[in-house]
Amino acid sequence: MRFIKPTSLQDDSFILDVRSLEEHQLEELKLPHIHKSLADLDPCEFMQENQTAQDKTINIICASGARASQAAEMFEKAGFDNVAVVIGGMVEAEYEGVEIIRR
């Protein structure tokens, strides 16, 4: 499992937010991303729906990193090793100055 700092995320990064719908509705990254709560995540289905190439890294974020790590493990068990956990999640992203939209 790989880990990246929130400041490594760019406009062209493939970002998956696995927080709950309620959390996502309150705040989200300003960067382009896909939201799919951990409870509803099926890695194989996700890869097929998003036509994600296996050489493109999926950067997974949650509130603090725990659910993102669980999601990364799910992807790896399904045979996809092109995942990275965003260290510290949204908490660290905000601390490091990554733009967040609040509602």
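Placed above this text is the structure.
We now turn to the structure provided with this report. These numbers come from a predicted model, not from an experiment.

Turning our eyes to something else, we now look at the pattern of salt bridges. One pass over the full model with this rule turns up eight salt bridges. A salt bridge links Asp 17 to Arg 19; the shortest N-O distance between them is 2.8 Å. A relative accessible area of 0% places Asp 17 in the buried class. Under the relative-accessibility criterion, Arg 19 is labelled buried at 2%. Across the pair Arg 103 and Glu 28 runs a salt bridge, and its minimum N-O distance is 2.0 Å. Of the two residues, Arg 103 is situated in the segment after β7 (100-102) and Glu 28 in strand β3 (residues 27-29); the sequence distance between them amounts to 75 residues. Classification of Glu 28 by relative accessible area gives buried; the value is 13%. Via salt bridges that share partners, Asp 17, Arg 19, Glu 27, Glu 94 and Arg 102 belong to a single interconnected network.

Taken together, the side chains of Met 1, Phe 3 and Ile 87 define a hydrophobic patch exposed on the protein surface, amounting to about 280 Å² of accessible area. Along the chain, Phe 3 falls in strand β1 (residues 2-4). Taking relative accessible area as the criterion, Phe 3 reaches 46% and is therefore assigned partly exposed.

Let's shift gears to the nonpolar core. In a soluble, globular protein the nonpolar side chains are often hidden away together inside. Of all hydrophobic cores here, the largest spans 17 residues; its most connected members are Leu 16, Val 18, Leu 41, Phe 46, Ile 58, Ile 60 and Phe 75. Elements represented by at least two residues in this core include exactly β2 (14-17), α2 (43-49), β5 (58-61), α3 (66-77) and β6 (83-86). The element best represented in this core is α3, accounting for four residues.

With that settled, consider the pairing of β5. The two faces of β5 match: Ile 58 and Ile 60 on one face and Asn 59 and Ile 61 on the other face are all buried. Here β2 runs beside β5; their pairing, made up of four bridges, is parallel. By the bridge assignment for β5, Asp 17 is matched with Ile 61. Here three bridges tie β5 to β6, and the two strands are oriented parallel to one another. Within β6, the residue paired with Asn 59 across the bridge is Ala 84. This β-α-β element, β5 to α3 to β6, shows right-handed connectivity.

Attention now goes to the sheet that holds strand β4 (residues 34-35). In space, the five strands of this open sheet follow the order β1-β6-β5-β2-β4, with parallel pairing throughout. Strand pairing shows two members of the sheet lacking a second neighbour, β1 and β4, which therefore form its edges. Where β1 meets β6, three bridges bridge the pair, whose relative direction is parallel. Counterpart to Arg 2 in the pairing with β6 is Ala 84.

Cut-offs and rules
Residues numbered from 1 in each chain as written. Predicted model: local features only at pLDDT ≥ 70, side-chain atom pairs only at ≥ 80, totals over all residues. Heavy atoms only, no water. Salt bridge = Lys/Arg side-chain N within 4 Å of Asp/Glu carboxyl O. Buried < 20%, exposed > 50% of the residue type's maximum accessible area, 1.4 Å probe, protein only. Helix = DSSP H or I, 4+ residues; strand = E, 2+ residues; numbered from the N terminus. Patch = residues over 30% accessible without salt bridge, like charges linked within 9 Å, V, L, I, M, F, W, Y side chains within 5 Å. Areas by Shrake-Rupley, 256 points an atom, 1.4 Å probe, with all protein chains shown as cover. Core = buried A, V, L, I, M, F, W, Y, C linked by side-chain atoms within 4.5 Å. Pairing = 2+ DSSP bridges. Right-handed = clockwise from strand over helix to strand, strands pointing away.

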